[in-house]
Structures are given as structure tokens and as C-alpha cells.
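Per-entry structural report
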Amino acid sequence: MSAVTDRLPVFPWDKLAPYKATAEAHPDGIVDLSVGTPVDPVPELIQKALVDAADSPGYPTVWGTPALRDAITDWVGRRLGARDVTHRHVLPIVGSKELVAWLPVQLGLGPGDRVAFPRLAYPTYEVGARLARAEYVAYDDPTELDPAGLRLLWLNSPSNPTGRVLSRAELTRIVAWAREHGVLVFSDECYLELGWEADPVSVLHPDVNGGSYDGLVAVHSLSKRSNLAGYRAAFLAGDPAVLGPLLEIRKHGGMMTSAPTQAAVVAALGDDEHVRVQRERYAARRTALRAALLRHGFRIEHSEASLYLWATRDESCWDTVARLAELGILVAPGDFYGPAGARHVRVALTATDERVTAAASRL
């Protein structure tokens with residue numbers, strides 16, 4: 001086991017424990033804005049679909065039911081503007097984190113292969129490369145990378161942690177560069193429904209990919225848009241030449257979404273109203289926290305989309321974490337997402353209205 005665990009970094013969230021203890025000691029309790037986990041109820045129509053499918057004694061299929069594949073193809077066409085998407089273009093996954101962590105292994109990458117991801121990024125991109133024993137590199141602009149040996153390029157727009165959105169022109173330029181050099185692109189678009197000051201675009205849009213999905217796969221999750229983090233519900237859409245082999249590998253590995261969850265996803269993707277309602281909740285919380293942070297002397301950078309505010313007081317992120325913990329507010333230090341975040345903190349919008357109001361008042 002140590003041969004595997006030795007490849008991994010220290011789990012970053014363990015470092016927050018003493019600051020969490022300080023925040024929990026506040027007389028009015030902790031306001032935990034450190035983790036982007038949904039706190040609002042799962043919409044009733046989704047719960048009902050899950051319950052109605054609860055009598056599912058048989059094994060589900062890795063590829064999902066035809067109804068699930070129909071729901072995914074319909075959604076990527078309706079919401080992302082993707083064209084001519086068939087069942088061969090989609091693949092359900094057991095939440096997006098397992099895909100990110102195990103994709104390099106499933107792609108057969110190893111020593112000598114390179115995986116690239118943004119300089120400020122979700123830590124699991126690096127973990128996936130480490131698990132495969134592949135090399136990894138962080139970038140500011142992927143088109144400035146040396147393409148030699150570069151087998152997997154991660155995009156993340158809207159970004160976790162910064163909320164930055166890549167424009168249509170930027171995505172088009174990156175996709176063209178990747179295709180020119182034979183680099184596979186996986187675009188993590190899990191926050192695409194949560195654009196505030198920008199309208200995020202998918203790599204599946206024909207304006208970006210020229211009507212071809214060659215070498216492109218988009219990753220989408222229902223955790224944030226539908227409050228389904230507890231269901232582990234996500235999917236891939238894009239190049240069938242990539243998804244076909246992944247499907248076969250995942251069949252052998254038994255990486256299947258439960259049958260009740262598949263039914264819940266069909267309901268969730270078929271309804272846009274609950275997404276609108278949840279967006280309004282997050283928008284109100286964002287407005288309150290943003291104003292309070294600015295009044296408290298923070299500067300907000302990027303943050304035009306996603307569930308976070310990327311904030312700085314131009315000091316060590318850990319000094320900021322400690323300062324806010326004294327107010328009973330727990331946030332994530334920016335260096336969890338790479339050395340470039342050493343003077344920022346990530347403030348999540350995922351707390352109840354009452355807790356957000358409390359944080360704003362304390363600030």
C-alpha cells in the first residue's frame with residue numbers, strides 16, 4: 001500500500017483542523033465556507049424519481065439506461081449547443097472526482113507521459129497523474145507548453161478555485177492548438193451553470209470545436225446545479241473514440257452509477273426550473289458575501305462564475321485563514337490549489353442563508 005500512498009501529497013484539508021477548532025469556538029458557532037458542498041435540499045422531483053426506482057435488485061449497467069443516455073444527449077444539445085450527439089458520445093460516471101483521479105490510469109498513461117492542468121487548480125488533477133506515475137505540469141496558457149509527451153490536457157472553466165471563465169475565443173485557440181499537436185483535451189465544466197458576470201461556453205459548442213468532437217471530452221456534474229453531491233452523479237460527453245474504450249475499461253472495473261441514481265439524473269436533467277431556483281439562492285449569497293468581504297478590506301479577483309469568491313488581503317493565505325477563524329469563519333487557503341494561490345483564500349457560497357448572513361455581519 002505504501003507504494004501507492006507514497007505517490008500522493010498530504011491530504012490538504014487535514015491542515016485546516018486547528019483553524020476549524022478555533023472557528024467552532026465562536027459564541028455564535030462556525031460559518032464553514034471552506035468546502036463547496038451543497039447544503040440546500042435535493043429538489044422533490046429528483047427525490048421522487050430516486051424513491052420510485054428504489055426497488056432495483058439487479059445490477060445497473062455502466063453505460064446507463066437508454067433513458068439516461070437520452071437525457072444526457074438532450075441536455076448537452078439544449079444547454080451546451082452541442083450538435084449531433086448520440087449515445088456513443090456520452091458516458092455516465094460515478095461523480096466527477098473519481099473520473100479525475102483515475103482517468104490517467106484508465107487512459108494507460110505512465111512514466112514518460114505528461115498531464116497538464118491550470119496553475120491554480122483542483123488538486124485531484126495532480127493526484128490522477130501521480131496515481132498513474134505520469135509526469136505533470138501546471139500552466140498559465142496551455143498553448144505555451146512543450147507538446148512533446150503531453151498526453152492529457154485538463155481545462156477547467158469556470159475554474160475551481162478562481163471562478164475564471166475561458167472565453168469562446170480562448171477555448172477555440174486552445175482546442176486548435178491541442179488538435180495540431182495530437183493532445184487529448186478533457187474540459188472540466190462542472191460549474192458551467194453558475195456564471196454570474198460571464199456566460200461560460202463548453203468545448204462541445206460548434207463555435208469552439210468546428211462541429212467535430214475529435215480529441216475532446218467535457219466533464220459535467222449534477223452535484224452543484226442540482227444539489228446531488230451525495231448521489232455521485234456526473235457524466236462525460238464528447239469523442240466516441242475516447243469514450244468507447246473508457247466504457248469497456250469501466251465495465252471491467254464495475255464503475256457503475258446505481259440504478260436509483262440514474263433515474264434521479266433523468267429527472268434532474270429534464271427540469272430547468274430547480275436549477276434556476278438554486279442559482280437565485282447562490283446569487284443572493286454571493287452578493288452578500290462579496291459586499292462584506294470588500295468592506296472588510298479584501299480584493300476579489302476573477303470570480304465571474306462558480307461557487308466561490310477568490311479573495312485576497314495581500315498577505316499569506318494562512319494569516320487570512322487565521323484572522324477569519326477568529327471571527328468564526330472558515331475558508332480554504334489558496335495554496336491548496338497551487339503555490340500561485342499563496343496570498344488568496346477561496347470563500348464558498350455553500351452555506352445556509354442564515355450562516356451567510358452571520359458571516360456578513362461578523363465581517
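Data block above holds the structure.
Read on for a plain summary of the structure. (Residues numbered from 1 in each chain as written. Predicted model: local features only at pLDDT ≥ 70, side-chain atom pairs only at ≥ 80, totals over all residues. Heavy atoms only, no water.)

**Concerning unusual backbone geometry**
Geometrically, the link from Ser157 to Pro158 is a cis peptide bond, its omega value of -5 degrees lying close to zero. A positive phi angle, near 60 degrees, is found at Asp314, a position not held by glycine. Turning to its location among the elements, Asp314 is positioned in the loop between β10 (308-312) and α12 (317-326). Since its relative accessible area comes to 43%, Asp314 is described here as partly exposed. (Helix = DSSP H or I, 4+ residues; strand = E, 2+ residues; numbered from the N terminus. Buried < 20%, exposed > 50% of the residue type's maximum accessible area, 1.4 Å probe, protein only.)

**A short note on the sheet that holds strand β3 (residues 114-118)**
The 7 strands are arranged β2-β8-β7-β6-β5-β3-β4 in an open sheet whose pairing can be described as mixed. The sheet terminates laterally at β2 (90-93) and β4 (135-139), the two strands that pair on one side only. Within this sheet the neighbouring strands show an average axis-to-axis angle of 20 degrees, counted without direction. Examined bridge by bridge, strand β7 (residues 216-221) and strand β8 (residues 234-238) share 5 bridges and lie antiparallel to one another. From the neighbouring strand, Val219 faces β8, where its bridge partner is Leu236. Packed on one face of the sheet, helix α7 (residues 168-180) meets β5 (150-156), β6 (184-188) and β7 and runs near 170 degrees to β5. (Pairing = 2+ DSSP bridges. Axes fitted to C-alpha atoms, helices over the stretch in contact; angles between N-to-C directions. Contact = heavy atoms within 4.5 Å.)

**Thoughts on the pairing of β7**
β7 sits mainly inside the fold: 6 of its 6 residues count as buried. Going residue by residue along β7, you find Leu216, Ala218 and His220 tucked away on one face and Val217, Val219 and Ser221 tucked away on the opposite face as well. The pairing of β6 with β7 spans 4 bridges and is parallel. Within β7, the residue paired with Asp188 across the bridge is Val219.

**Quick look at the pairing of β4**
Sheet topology note: the β3/β4 ladder contains 5 bridges and is parallel. Its bridge partner being in β4, Phe117 is matched across the sheet by Ala138. Crossover handedness for the path β3 to helix α6 (residues 124-131) to β4: right-handed. (Right-handed = clockwise from strand over helix to strand, strands pointing away.)

Nothing here speaks to function; it is geometry throughout.
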